[in-house]
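# An overview of the molecular structure
Single-letter residue listing:
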Amino acid sequence: MNDATIARIMEEMSYGLYIVGSTGSDDVDGMMADWVMQVSFRPRMLAVAFENDARTLQNLRKHGSFTVNVLSQEAHSMSVAARFAQPYFEEKIRGRGTTLTRVHHKLEDVAYRLTASGVPVLDDAMAWLECVAEQFVGVGDHTLVIGRVTDGELRHDGEPLTSRYTGWSYSG
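Below you will find a few notes about this structure.

What counts and how
Just so you know, the residues in each chain are numbered from 1, in the order the chain's sequence is written. Per-residue local features are limited, in this predicted model, to residues with pLDDT of at least 70; the limit for side-chain atom pairs, both in listing and counting, is 80 or more; totals at the level of whole chains, interfaces and linings are taken over all residues. Excluded from the side-chain calculations are hydrogens and water; all other atoms, namely the structure's heavy atoms, are used. Definitions used throughout: a 1 Å grid over protein atoms alone; a cavity as a set of points that fits a 1.4 Å probe which cannot get out; a pocket as an open set with protein on both sides within 12 Å along at least five of seven lines; a lining residue as one with an atom within 4 Å of a point. Grid points are joined across faces, edges and corners, and a volume is the space filled by probe spheres set on the points. Strands are runs of DSSP state E lasting at least two residues, helices are runs of H or I lasting at least four, and both sets are numbered from the N terminus onward. Accessibility here uses a 1.4 Å probe with only protein chains present; expressed as a share of the type maximum, an area under 20% marks a residue as buried, one over 50% as exposed, and anything in between as partly exposed. As used here, the arc is the angular range of directions from the helix axis to the C-beta atoms. Residue contacts are counted whenever heavy atoms from the two residues lie within 4.5 Å of one another. Pairing between strands requires that DSSP locate at least two bridges from one strand to the other. Only the stretch in contact is used when fitting a helix axis, every axis being a line fitted to C-alpha atoms; angles between N-to-C directions are given from 0 to 180 degrees. Stacked, edge-to-face and tilted labels apply to pairs of Phe, Tyr and Trp rings (six-membered ring for Trp) whose centres lie within 6.5 Å, assigned for plane angles under 30 degrees, over 60, and everything in between, in that order.

### Remarks on the layout of surface pockets
Here the second largest pocket is characterised by a volume of approximately 200 Å³. Around the second largest pocket, the lining residues are Tyr 18, Val 36, Met 37, Gln 38, Arg 44, Met 45, Leu 46, Val 68, Val 70, Ala 127, Leu 129 and Val 149. Contributions of two or more residues to the lining of the second largest pocket are made by strand S3 (36–40), strand S4 (45–51), strand S5 (65–70) and strand S8 (127–139). Top contributing element to the lining of the second largest pocket by residue count: S3, with 3 residues.

### What about helix H3 (residues 75–82)?
If you check which residues of H3 are buried, you get Ser 77, Val 80 and Ala 81. For H3, the arc enclosing every buried residue in end-on projection is 95 degrees, short of the 170-degree limit, so these residues lie on one face. The secondary structure elements touched by the buried residues of H3 are strand S1 (18–23), strand S2 (28–33) and strand S7 (120–122).

### Here we look at the sheet that holds S4
Spatially, 7 strands are ordered S2-S1-S5-S8-S9-S4-S3 in an open sheet, and the strand pairing comes out antiparallel. Each end of this open sheet is capped by a strand with a single partner; those strands are S2 and S3. Sheet twist, expressed as the mean angle between neighbouring strand axes with direction ignored, is 35 degrees. Along the sheet, helix H2 (residues 55–63) makes contact with S1, S2, S4, S5, S8 and strand S9 (142–154), crossing S1 at roughly 50 degrees.

### Structural notes on H2
Residues of H2 that are buried include every one of Arg 55, Thr 56, Leu 57, Asn 59 and Leu 60, and no others. Backbone geometry just after H2 places Gly 64 at a positive phi near 90 degrees.

### Description of the packing of aromatic side chains
Per the stated rule, a full pass over the model turns up 1 aromatic pair. With 6.5 Å between their ring centres and 50 degrees between their planes, Tyr 15 and Trp 35 make a pair best called tilted. Within this pair, whereas Tyr 15 is found in the loop between helix H1 (3–11) and S1, its partner Trp 35 is found in the loop between S2 and S3, the two being separated by 20 residues in sequence.

Structure, rendered in structure tokens:
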């Protein structure tokens, strides 16, 4: 079996689409993540996979706290999620290593509040969890961050936004 076939099969796997909020030294940020899962009941822990060069991963290494915002399958959630589809630094998608300097401030014009730890919770999220990063595990071109859940809120019931629902894929 060749890599293209494996990639195609992996594209068929359905994932949730989440907005992970973080804070850096100069501002707050959010990114779309679909490789998120619960990994422990006691204590409540989850894991998120980040590209090794992700700005959010840099923020987590410095600050330690992050949020996982769960969007619903409401029409408005699709437009909110789309704001987070591009990376913070444009050069990451336009020929990595180029001199492009455009920065995407993805939380600009998005309503949010900060938790006591200073990480963003989207007003449009149907639910959210706040976590403290406890482990960073290198896995190929990604880093798996395992976080202990410290807070959260279910704001309303609904169907969570998924890659199957949006038709968006992230399989490399």
